[in-house]
Each structure stands twice: as structure tokens, then as C-alpha cells.
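What the coordinates show
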Amino acid sequence: MKIGVPKETFPGEHRVAIVPSALPLFIKAGHEVIVESGAGTAAGFPDGEYTAKGGRIAGSRTEVFAEGDVILQVRGLGANPDAGRSDLSHMKPGQSLIALLEPLTAKDEMNALAGRGVSAFSMELMPRMTRAQSMDSLSSMATIAGYKAVLIAAVELPRMFPMMMTAAGTLAPAHVFVVGAGVAGLQAIASARRMGAKVEAYDVRPAVKDQIQSLGAKFVELPLDAADAEDKGGYAKAQDESFYRRQREMMTKVVAGSDVVITTAAVPGKKAPVLITADMVKGMQPGSVVVDLAAERGGNCELTKAGERVVAHGVTILGPTNLPSTVPYHASQMYSKNITTFLTHLVKDGKIQTGADDEIVRETLVTCGGQIVHARVREAFGLEPAAAARA
């Protein structure tokens, strides 16, 4: 089997799907790896490292797509809607694509992939199960985002994070409030604690209380009924507006007493819930910082603008996007491990398996045989169930 690794074309994307150290696994299994020239350069992996590990550098992007039986990308069409569309003409029936695709919100792009006869697997849809943990790229990238969010906040905040006892007096520690204790939130908690901040955290799922406390943070108790806050795949479920309104009312006091607020609440395929209102920002002390990790989904803060720095009432609101790409070396290393493990799982007898009897395959396969086959994606697009469509 020939594995193609094209250079990423999304603006500001510096990651690469496969790092050189992953190549020997494929070469040993009898596969050939074709890498577009310069694909890993921005992440710190020059062409020479790929050839040293047995890879072949392609003369052009067209060559990668023409020869590849399977194409591995960080951002495939859907997650790269503009520049990614130019790759469609290079794709061929029966070819497999494994990448981040944002399939729940990219109807035209998924239909286009189906129309080309491509079997597209979405890394975002990896089920949250023990067997798939090493393939979970969302968790890998969220780890980086949570860490980087704390660094960004520390740079913006006009005070230091740790308590310090100096000859000039004692400096009080910064108060950090983390909203959402998923992978990004937990990493933000751990990073802020390592820097010496006093950390509080809240999550709609009471079950994460022990995880928050194990990292040395205080769990903020809000008497809200959220028994249905998590789906069977381990992802957060959207709540109704009345729930979010009561949540905001109860969080107002905590937000007002925080120097830094880091929000991480996102629901796959949906707009991020607004948890921090303009009035709540107004109640914060001047110089405080809000880092909104849900900016790409509309933001958890009412004043967030994706990719921009906003100052309101003396408070700085940051809406960073694609934070993993700002740490491309390690982000590529982690993503490469995820996608390599996934591809190894998919390949049987030298071919990609698309059979629905395996849960990992069933939950990640979006298009196959000329149509969209993923149940949740079809539901999001208002399509009839796949079984009915085939009939």
C-alpha cells in the first residue's frame, strides 16, 4: 500500500500528519510512504529526515495524491474548506483519506468527498473508549491547547502567577478560574498550578470533581441538575438556554473574583454555549484576562472574537484559534502517533477495512461507496438513515 502525506495548506497550519520516526513501522510492514517536499519543515522535520527513515519525497503535490492509496492529513477538506477544495480534483475513487474533517458542519465538503468516491475517515469522531485512546487526536490537541492557554494568560496578565515572599513584600498569587474540565481544562488547571496560581474550576459533569481536586484545584459547586451532560461517547451534550442562564448567574461571583478565566466548553458540531456575558466581564477587575478556547465555535464569552484580542472594561479577552499549530513539533508528534495507530488498526491484508462491524471504523468512517454513511453526520445534515438510503 502507498501512503501519501501532503503538505498542509490551511493558513497558519504548521503541523504535519506523519513525523519521520513513524515511517519504519510502515516500511517494515511493506508499505511505501510518499511525502510532499517541505511537508514537515514548518514543524521541524526536514525532508532529509523522512528519506533517512525510508520515505520518498514526491516531486509535486499531484504525485502524492496520484500515487497514494491512502492520504494522511492534519486538516482535510472540511477542516480546510477553501484551500482544501483544490485537492478534490487530484482524488480518485477508492482512495482513502484520514484527517480532521469537521464533518458535522461541512455538508458540502462531505458530499464532495462522497462524490469523488473517497472513503473518508474523520479523526474528530474517534469514539471515547479505552481501545481507541491512543488514536484520540482531539485529546492530544486539547492537551496542547490547555497548556498554551495558561502561557498566553500569563503573558497578558499584569501580575505574576505564583505567590512570592520578597524583601519588597509578599506578592499574592493570581486567581485562575477554569470553566470545563475536559482534557484542555484539566491541562490548564495543571499548568496554572505548576506556575503557582490559586486555581478553581467548574464543569457541568459532577463526576470530574475528583479529577479537579487531584490536580490541586478547588471544585466550584453549582447546585444545577445536569445528569444528562455527557453522551455515551464521553463528549459534552448541549443543555437548554434556561440551564445556561442559571449557570451564568451562579458563576458571576466566581468570575468577578478571578484574575484569569479560561473557558473550554464546546459541544461537537454545535455553537459553543455562552457562559461569560458582557456584564460578567464588566464585573472583573481591570487588567484581568479571559482566554476563550471555544473561540472557533463562536466562543464561551459573549465578547470573544475568534483570532482577535479584545479589551472591554479594562479586561482583555483573547480568542486564540488553532493553538496546537503554535507548538507544531510536539503537536505533530502526538497527532502522528494517533493517526499511525489508527491506520495500523484499519489495515488488514494490505487494505483499508471499511466494514461496519468494528466500532472504531463505524464511528469514524464518514463517506464510502459514493455516499455519506456515518449515522450522526447524516442526522446532522437532515438525511435519512444510511440503511434506508441504500434500500
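Scroll up to find the structure.
Residues numbered from 1 in each chain as written. Predicted model: local features only at pLDDT ≥ 70, side-chain atom pairs only at ≥ 80, totals over all residues. Heavy atoms only, no water.

Re a nonpolar patch on the surface
The condition is simple: In this analysis, a patch consists of residues with relative accessible area above 30% that form no salt bridge, clustered at 9 Å for like charges and at 5 Å for the nonpolar side chains Val, Leu, Ile, Met, Phe, Trp and Tyr. The accessible surface values rely on the Shrake-Rupley method and a 1.4 Å probe; as for residues, cover is taken only from the protein chains in view. By convention in these notes, a salt bridge is any Lys or Arg side-chain nitrogen within 4 Å of a carboxyl oxygen on Asp or Glu. Here a helix means four or more residues in a row that DSSP labels H or I, a strand means two or more in a row labelled E, and each is numbered from the N terminus.
A contiguous nonpolar patch, built from M160, M164 and L171 and spanning about 240 Å² of accessible area, is present on the exposed surface. Mapped onto the secondary structure, M164 falls in strand β7 (residues 164–166).

Remarks on the side chain of T277
So the rule is basically this: The criterion used for residue contact is that any of the two residues' heavy atoms lie within 4.5 Å.
Mapped onto the elements of the fold, T277 is located in the loop between β12 (260–263) and α9 (278–282). Dropping the residues within four chain positions of it, T277 is found in contact with R248 and E302.

Description of the packing of aromatic side chains
For the record, the criterion: Any two of the Phe, Tyr and Trp rings considered here, Trp counted by its six-membered ring, make a pair once their centres fall within 6.5 Å; the pair's planes then place it as stacked at under 30 degrees, edge-to-face at over 60, or tilted in between. Exposure is judged per residue with a 1.4 Å probe applied to protein chains only, and the accessible area is read against the type maximum: over 50% gives exposed, under 20% gives buried, and values in between give partly exposed. The rule for a charge over a ring is simple: NZ of Lys or CZ of Arg within 6 Å of the ring centre, and within 35 degrees of the ring normal.
In the structure shown here, the tally under the stated rule is two aromatic pairs. Measuring from centroid to centroid gives 4.7 Å for F45 and Y329, while their planes differ by 20°, and the two rings are stacked. Here the residue F45 occupies a position in the loop between β2 (32–36) and α2 (47–52), and Y329 occupies one in helix α10 (residues 328–346), the gap between them amounting to 284 residues. Ring centres 5.9 Å apart and planes at 80° place the aromatic pair F121 and F342 in the edge-to-face group. Taken as a pair, F121 in strand β6 (residues 119–122) and F342 in helix α10 lie far apart in primary sequence, 221 residues in all. Note on F121: relative accessible area 0%, which makes it buried. Lying across the ring of F10, R75 places its NZ or CZ 4.0 Å from the centre.

Some thoughts on the packing of helix α5 (residues 137–156) against helix α6 (residues 183–194)
Going by this rule: Simply put, an axis is a line fit to the C-alpha atoms, just over the touching stretch for a helix, and the angle between two N-to-C directions goes from 0 to 180 degrees. Left-handed describes a crossing in which the near helix is turned anticlockwise from the far one by less than a right angle; the clockwise case is right-handed. Note that Gly is not counted as nonpolar here; it falls among the polar residues with everything else outside the nonpolar set of Ala, Val, Leu, Ile, Met, Phe, Trp, Tyr, Cys and Pro and the charged set of Asp, Glu, Lys and Arg.
Running from N to C, α5 and α6 cross one another at 35°; their axes reach a closest spacing of 7 Å. For the pair α5 and α6, the sense of crossing is right-handed. On the side of α5, the interface is formed by S139, A142, T143, G146, Y147 and V150, while α6 contributes V183, A184, Q187, A188, S191 and A192. Residue composition of the contact of α5 with α6, grouped by class: seven nonpolar, five polar and no charged.

Notes on the packing of α5 against α10
The angle between the axes and the distance between the axes are what describe a pair of packed helices. Using the following cut-off: Between 65 and 115 degrees an angle is taken as roughly perpendicular, under 35 as roughly parallel, over 145 as roughly antiparallel, and anywhere else as oblique.
Closest axis-to-axis distance for the α5/α10 pair is 9 Å, and the angle between their directions is 165°. Classified by the angle between their axes, α5 and α10 sit roughly antiparallel to one another. Handedness of the crossing formed by α5 with α10: right-handed. When α5 is examined against α10, the residues S137, S140, M141, T143 and I144 are found in contact with a partner set consisting of H330, A331, M334, Y335 and N338. Grouping the constituent residues of the contact of α5 with α10 by class yields five nonpolar, five polar and no charged.

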